[in-house]
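Coordinate analysis (summary)
The chain contents come next:
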Amino acid sequence: MLKHIAFLGPPGAGKGTQAKRIAKQTGYVHLSTGDILRDEVARATALGGKAKAYMDRGDLVPDGLIVDMIRSRITAADGFILDGFPRTVAQAEALAGITPLDLAINIALSREAVIDRLSARRVCRDCGKIYNLLFNPPQTPGRCEQCGGELYRRDDDQPEVIENRYDVYMQATAPLIDFYRTRGILREIDGTLPMQTVSERIMELLRS
Ligand code: AP5
Ligand code: MG
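Think of each chain on its own: its residues are numbered from 1, step by step along the sequence as written. Labels follow written order: the first chain is A, the first ligand is 1, and so on. Owing to the predicted nature of the model, reporting of local features is limited to residues with pLDDT of at least 70; listing and counting of side-chain atom pairs is limited to 80 or more, with chain, interface and lining totals taken over all residues. Values reported for side chains reflect all heavy atoms of the structure, with hydrogen atoms and water molecules removed beforehand.

Right, let's talk about the site of ligand 1 for a bit. Being near a molecule or strand, for a residue, comes down to having at least one heavy atom within 4 Å of it. Surrounding ligand 1, one finds 36 residues, the nearest of these being Thr17, Asp59, Arg87, Arg121 and Arg165. A 3.5 Å cut-off defines polar contacts: any pair of N or O atoms within that distance qualifies, except that in protein one atom must be a possible hydrogen donor and the other a possible acceptor, and neighbouring residues in sequence count only when both atoms are side-chain atoms. Within the contact set of ligand 1, an oxygen atom lies 3.2 Å away from a backbone nitrogen or oxygen of alanine 13. At 2.6 Å, a side-chain N or O of threonine 17 approaches an oxygen atom of ligand 1. Notes on ligand 1: free accessible area 1100 Å², of which the protein chains cover 97%. Working definition: helices are DSSP H or I runs of at least four residues, strands are E runs of at least two. Numbering for both runs from the N terminus. Among the elements that take part in the shell around ligand 1, helix 2 (residues 33-42) stands out by supplying 4 residues, more than any other. A class-by-class count of the residues in the shell around ligand 1 yields 16 nonpolar, 11 polar and 9 charged. Using a 1.4 Å probe, the Shrake-Rupley method yields the accessible areas, and only the shown protein chains count as cover for residues. Residues are grouped as follows: Ala, Val, Leu, Ile, Met, Phe, Trp, Tyr, Cys and Pro are nonpolar; Asp, Glu, Lys and Arg are charged; all remaining types, including Gly, are polar.

This is how it looks when you write it as structure tokens:
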């Protein structure tokens, strides 16, 4: 099985949803730079302090901070699923110098679908499970089914910030689709398919 994997795709494509599912099935480590940064912000660390303003606007945190943050986690992992990294060509080049990827999977979703999905996303404050009020609602409103934790709306899931995140994705991150295509390791999945179908397609790609 291929074991050095990255998920590309716009905000709301389902990178986090799928990374959690695939990590459970494969035992690989799920490395989400967004989750790591939100944890740094919540713990009011020096890195969190530097990152917060960028995140609140939906802009990218500077490459140097991100690469320093993720490097040791990548080298410590045997199999890994990168979720939200790399996000610029500079980050992709830095990653190539740490550990080459086996597969970059682009989960594609339109701008309209991104806005609909993210406006309805809720996340568990305790375990991080991801819900959607439209597509994947919790059994009890406001409560996590997995751990009973409180569900919250991410600070960057506000309409103007969502739109900026999408624009930043198109400008800074979408070029990575060609970057990995020319290296022969890009695969694409339609992000509008049901979650279970997306997971099955990803598992097929990992076995290929
Ligand atoms: P990050 O946390 O990575 O956010 P993002 O890329 O904007 O992606 P999201 O987490 O919003 O979406 P997702 O694809 O994970 O979708 P999800 O599975 O939740 O980054 C946040 C910020 O941190 C950035 O803006 C930046 O400031 C900073 N940052 C992070 N990494 C960085 C880096 N490398 N460099 C620089 N800065 C960085 O699903 C979305 C919703 O859709 C959920 O409600 C879910 O239930 C639903 N859903 C999922 N799949 C389906 C489906 N198939 N059908 C229907 N609904 C679905
Ligand atoms: Mg995510």
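Take the pattern of salt bridges next. Salt bridges are identified by distance alone: a Lys or Arg side-chain nitrogen within 4 Å of an Asp or Glu carboxyl oxygen. In the structure shown here, the tally under the stated rule is 15 salt bridges. Two residues, arginine 165 and aspartate 157, come together in a salt bridge whose shortest N-O distance is 2.9 Å. This pair shows no difference in class: arginine 165 is buried, exactly as aspartate 157 is. A salt bridge links arginine 181 to aspartate 178, with the nearest nitrogen and oxygen atoms 2.6 Å apart. Of the two residues, arginine 181 and aspartate 178 both sit in helix 8 (residues 175-182), 3 residues apart, roughly one turn of that helix. Each member of the salt-bridge network shares a partner with another, and the members are Arg121, Arg154, Asp156, Asp157 and Arg165. Each residue's exposure class comes from its accessible area (1.4 Å probe, protein chains only) as a fraction of the maximum for that residue type: buried when under 20%, exposed when over 50%, partly exposed otherwise.

Here we take up helix 3 (residues 46-57). By the burial criterion, the buried members of helix 3 are Leu47, Gly48, Ala51 and Met55. Down the axis of helix 3, the buried set is contained in an arc of 80 degrees. They therefore lie on one face. Summarising the geometry of helix 3, the exposed residues directed more than 90 degrees from the buried face are Ala46 and Gly49. Whether two residues are in contact is decided by their heavy atoms, any of which lying within 4.5 Å being enough. Residues of helix 3 that are buried in the fold lie against helix 2, helix 4 (63-76) and helix 7 (159-173). Following helix 3 by one or two positions, glycine 58 adopts a phi angle in the positive range, close to 85 degrees. Think of the arc as the fan of directions from the helix axis to the C-beta atoms.

On to unusual backbone geometry, then. Of note, the amide linkage connecting phenylalanine 85 to proline 86 takes the cis form, showing an omega dihedral of -5 degrees. Summarising the element assignment, proline 86 is placed in the loop between strand 3 (80-83) and helix 5 (89-98). For alanine 44, which is not glycine, the phi dihedral falls at a positive 55 degrees. Positionally, alanine 44 belongs in the loop between helix 2 and helix 3. For alanine 44, a relative accessible area of 66% puts it in the exposed group.

Attention now moves to the environment of alanine 19. In this fold, alanine 19 is placed in helix 1 (residues 15-26). For alanine 19, the contacting residues outside a window of four places in its chain are Phe7, His30, Ile81 and Asp83.

Next up on the list: the nonpolar core. Counting residues in hydrophobic clusters, the biggest one holds 31 residues, and the most contacted among them are Ile74, Leu82, Phe85, Leu101 and Tyr180. Discounting residues that sit within four places of it in the chain, isoleucine 74 has contacts with Leu31, Phe80, Leu82, Phe85, Leu95, Ile98 and Thr99. By convention a nonpolar core is built from buried Ala, Val, Leu, Ile, Met, Phe, Trp, Tyr and Cys residues, the set being connected through side-chain atoms within 4.5 Å.

A few words on the packing of aromatic side chains. Here is the rule: rings of Phe, Tyr and Trp (six-membered ring for Trp) pair when centre to centre is within 6.5 Å. Planes less than 30 degrees apart are stacked, more than 60 are edge-to-face, and the remainder are tilted. Tallying each qualifying case throughout the model produces 2 aromatic pairs. Seen from their ring centres, tyrosine 166 and tyrosine 169 are 6.3 Å apart, and the 45 degrees between their planes marks the pair as tilted. One end of the pair is tyrosine 166 and the other is tyrosine 169, both in helix 7 and 3 residues apart, which spans about a single turn. The exposure class of tyrosine 166 is buried, given its relative accessible area of 11%. Overall, tyrosine 169 belongs to the buried group, its relative accessible area being 9%. Summarising the aromatic geometry, the rings of phenylalanine 179 and tyrosine 180 are spaced 4.9 Å apart at their centres and angled 80 degrees between planes, so their arrangement reads as edge-to-face. For the pair phenylalanine 179 and tyrosine 180, a shared accessibility class is recorded, and that class is buried. Either the NZ atom of lysine or the CZ atom of arginine qualifies as a charge over a ring when it sits within 6 Å of the ring centre and within 35 degrees of the ring normal. A cation sits over an aromatic face here: lysine 129 above tyrosine 131, 5.5 Å from the ring centre. When the ring centre of phenylalanine 179 is taken as reference, the NZ or CZ atom of arginine 183 above it lies at 3.7 Å.

As far as function goes, none of this settles anything; it's purely spatial.
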